[in-house]
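Descriptive analysis of the structure
So the chains spell out like this:
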Amino acid sequence: LDRLVALTDSSHDQATRGCAAHLLSRIPGQQAENRIRELFNDPDKHVNKVATLVLLRKNDAAAVERAIGLWKDPETGDNDRNEIILAFPSAMAAENMHLYEEALCRDGMDGPARAHAINIIGMIGSLESLEKIEPCFETEQNPELVAFFDAAKAAVIARHQAQP
């Protein structure tokens with residue numbers, strides 16, 4: 001633990017620091033958690049992004065806010081957006097459905113992130129969500145994602161029809 005904490009020091013390059021922060025997340029205990037929370041406010045964008053993703057997986061409200069800000073930032077790449085979608089707390093998905101809708105319509109999102117977004121929409125999405133994402137699937141080339149979308153669409157429609 002002490003070695004990993006030492007590798008997060010600002011005297012190391014950002015890649016080393018980010019990797020050490022990620023590895024710290026795998027170690028239970030308050031000392032690791034405290035260091036990750038410190039890194040959440042680190043001046044290095046890469047390091048605080050890694051800490052944000054770590055805390056996002058722990059349903060941290062401040063990390064959710066920062067992740068939404070990262071999502072909106074035009075400089076955020078698709079690899080980081082993939083991580084945000086995969087790490088975003090399902091308990092907070094309903095209030096942030098736009099992230100999942102946008103993920104499904106972004107060309108650069110990878111298959112697992114898009115499949116996760118489809119799953120979330122299938123579980124809690126609305127007819128409005130379907131209207132937003134359906135055009136994105138008209139030209140979808142991945143047959144598995146199309147089938148997954150069709151199943152999610154059926155679930156949303158069934159849930160809507162079952163409402164009084």
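The preceding data block contains the structure.
Since this is a predicted model, take the numbers as computed values, not measurements.

1. Remarks on the environment of Asn-119
On the secondary structure map, Asn-119 appears in helix α8 (residues 111-124). In this structure the C-alpha to C-alpha distance between Asn-119 and Tyr-100, which are 19 residues apart in sequence, comes to 9.5 Å.

2. What about helix α7 (residues 97-105)?
Met-97, Leu-99, Tyr-100, Glu-101, Ala-103 and Leu-104 are the residues of α7 that are buried. Check the buried side of α7 and you find it contacts α5 (61-72), α6 (78-87), α8 and α9 (127-133).

3. Considerations on the side chain of Asn-96
Within the secondary structure layout, Asn-96 lies in the loop between α6 and α7. At a separation of 2.8 Å, a polar atom in the side chain of Asn-96 contacts the main-chain carbonyl oxygen of Met-92. Asn-96 has contacts with Ile-68 and Phe-88, leaving out every residue within four places of it along the chain.

4. Details of the nonpolar core
Among the nonpolar cores identified, the biggest contains 44 residues, and Leu-56, Ile-85, Phe-88, Tyr-100 and Ile-121 are the most heavily contacted of them. Of the residues forming this core, the biggest block, seven residues, is contributed by helix α4 (residues 45-56). Here Ile-121 is in contact with Met-97, Tyr-100, Glu-101, Leu-104, Ser-129, Leu-130, Ile-133, Val-156 and Arg-159, once residues within four sequence places are set aside.

Cut-off values and rules
Residues numbered from 1 in each chain as written. Predicted model: local features only at pLDDT ≥ 70, side-chain atom pairs only at ≥ 80, totals over all residues. Heavy atoms only, no water. Helix = DSSP H or I, 4+ residues; strand = E, 2+ residues; numbered from the N terminus. Buried < 20%, exposed > 50% of the residue type's maximum accessible area, 1.4 Å probe, protein only. Contact = heavy atoms within 4.5 Å. Polar contact = N/O pair within 3.5 Å; in protein donor to acceptor, adjacent residues only side chain to side chain. Core = buried A, V, L, I, M, F, W, Y, C linked by side-chain atoms within 4.5 Å.

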